[in-house]
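A closer look at the structure
Each chain, written out:
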Amino acid sequence: MEELDLEKLKYPIGKFIIPDSYSKEYISNKIEEIASFPEKLKNETIHLTDEQLDTPYRPGGWTVRQVIHHCAESHMNCYIRIKWTLTENNPVIKAYDEALWSELPDNLHMPIVPTLSLLEGLHFRLAYIMRNLSERDLEKSFTHPENNSELKLKRIIGMYAWHCNHHLAHITNLKKNKNCD
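All values reported here derive from a predicted model rather than from experimental measurement. (Residues numbered from 1 in each chain as written. Predicted model: local features only at pLDDT ≥ 70, side-chain atom pairs only at ≥ 80, totals over all residues. Heavy atoms only, no water.)

**Observations regarding the packing of aromatic side chains**
- Tallied over the entire structure, the rule returns 3 aromatic pairs.
- For the ring pair Phe124 and Tyr128, a centre distance of 6.5 Å and an interplane angle of 20° mean the geometry is stacked. Within this pair, Phe124 and its partner Tyr128 are both found in helix 7 (residues 113-131), separated by 4 residues, close to a single helical turn. Pair check on accessibility: Phe124 and Tyr128 agree, each one exposed.
- One Lys or Arg, Lys15, reaches over the ring of Tyr11 and ends 5.0 Å from the middle of that ring. (Phe/Tyr/Trp six-rings, centres within 6.5 Å; stacked < 30°, edge-to-face > 60°. Helix = DSSP H or I, 4+ residues; strand = E, 2+ residues; numbered from the N terminus. Buried < 20%, exposed > 50% of the residue type's maximum accessible area, 1.4 Å probe, protein only. Lys NZ or Arg CZ within 6 Å of the ring centre and 35° of its normal.)

**What about the packing of helix 2 (residues 24-45) against helix 9 (residues 153-178)?**
- At a closest axis distance of 9 Å, the pairing of helix 2 and helix 9 adopts a crossing angle of 30°. The angle between helix 2 and helix 9 places the two elements in the roughly parallel class. Once helix 2 is placed against helix 9, the crossing between them reads as left-handed. Taken together, the residues of helix 9 that come into contact with helix 2 (itself represented by Tyr26, Ile27, Lys30, Ile31, Glu33, Ile34, Phe37, Lys40, Leu41, Glu44 and Thr45) are Lys154, Ile157, Gly158, Tyr160, Ala161, Cys164, Asn165, Leu168, Ile171, Thr172 and Lys175.
- Its residues placed into classes, the contact of helix 2 with helix 9 shows 12 nonpolar, 4 polar and 6 charged. (Axes fitted to C-alpha atoms, helices over the stretch in contact; angles between N-to-C directions. Parallel < 35°, antiparallel > 145°, perpendicular 65-115°, else oblique. Left-handed = near helix turned anticlockwise from the far one by under 90°. Contact = heavy atoms within 4.5 Å. Nonpolar A, V, L, I, M, F, W, Y, C, P; charged D, E, K, R; others polar.)

**Considerations on the packing of helix 2 against helix 4 (residues 64-87)**
- Put simply, helix 2 and helix 4 touch, their axes get as near as 12 Å, and they point 165° apart. Between helix 2 and helix 4, the angle falls in the class roughly antiparallel. Judged by the sense of rotation from one axis to the other, the crossing of helix 2 with helix 4 is left-handed. Contacts between helix 2 and helix 4 involve Phe37, Leu41 and Thr45 from the first element and Val64, Ile68, Cys71 and His75 from the second.
- The residue makeup of the contact of helix 2 with helix 4, split by class, is 5 nonpolar, 2 polar and no charged.

**Re unusual backbone geometry**
- The backbone of Asn90 sits at a positive phi, close to 45°, despite the residue not being glycine.
- Among the secondary structure elements, Asn90 is positioned in the loop between helix 4 and helix 5 (98-102).
- With a phi close to 55°, Asn148 is a non-glycine residue in the positive phi region.
- Within the secondary structure, Asn148 is located in the loop between strand 1 (141-144) and strand 2 (149-152).

**Focus: the side chain of Thr63**
- By the secondary structure assignment, Thr63 is in the loop between helix 3 (50-53) and helix 4.
- Here Thr63 is in contact with Leu53, Asp54, Thr55 and Pro56, once residues within four sequence places are set aside.

**Overview of the environment of Leu174**
- Mapped onto the elements of the fold, Leu174 is located in helix 9.
- Between the C-alpha atoms of Leu174 and Leu9, which are 165 residues apart in sequence, the distance is 9.0 Å.
- Among residues more than four places away in sequence, those in contact with Leu174 are Thr55, Pro56, Tyr57 and Val64.

**Focus on the pairing of strand 2**
- As judged from the 4 bridges shared by strand 1 and strand 2, these two strands associate in the antiparallel manner. Looking across to strand 2, one finds that Ser141 is bridged to Lys152.
- The hairpin formed by strand 1 and strand 2 contains 4 residues between the paired strands, and Asn148 there has a positive phi angle of roughly 55°. (Pairing = 2+ DSSP bridges.)

Read these as geometric descriptors, not functional statements.
Set out below in structure tokens:
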């Protein structure tokens, strides 16, 4: 039972599922989820105390503060990967160790307001570039060096929409479980 509960805490909305097809509606909906993420995240976290921000969302997991900073770092990498993909032929992207990044002083102690502001501008740019991708652009891909897999931009849009909702659910579930509103 404990293992099942831990899995639910790790993946509160489930793992990302690759869709069978990428309709215009699917792409559009996922871009809107990405565009609205910063406001949703801000609404859920701006009023939290330092003690609440420094609470892990699950045993052995990151704190709310670390999750917020991780989202900015992950989504900055996403933005750069999209730009590489649009300007190079199937580039091999640079991987990073998100667990090590999460232990750096900025992720552990920095206030969240600058990161929430960064996410606002970053997601505006992400949504803008995503909305302007052609059908041909959506088929462009990059290669991830850790598993040598090719990832198309249309899949990246779905993955990062899931990533937004995944981490937002970590925070909202923790708040619900701890009665932090």
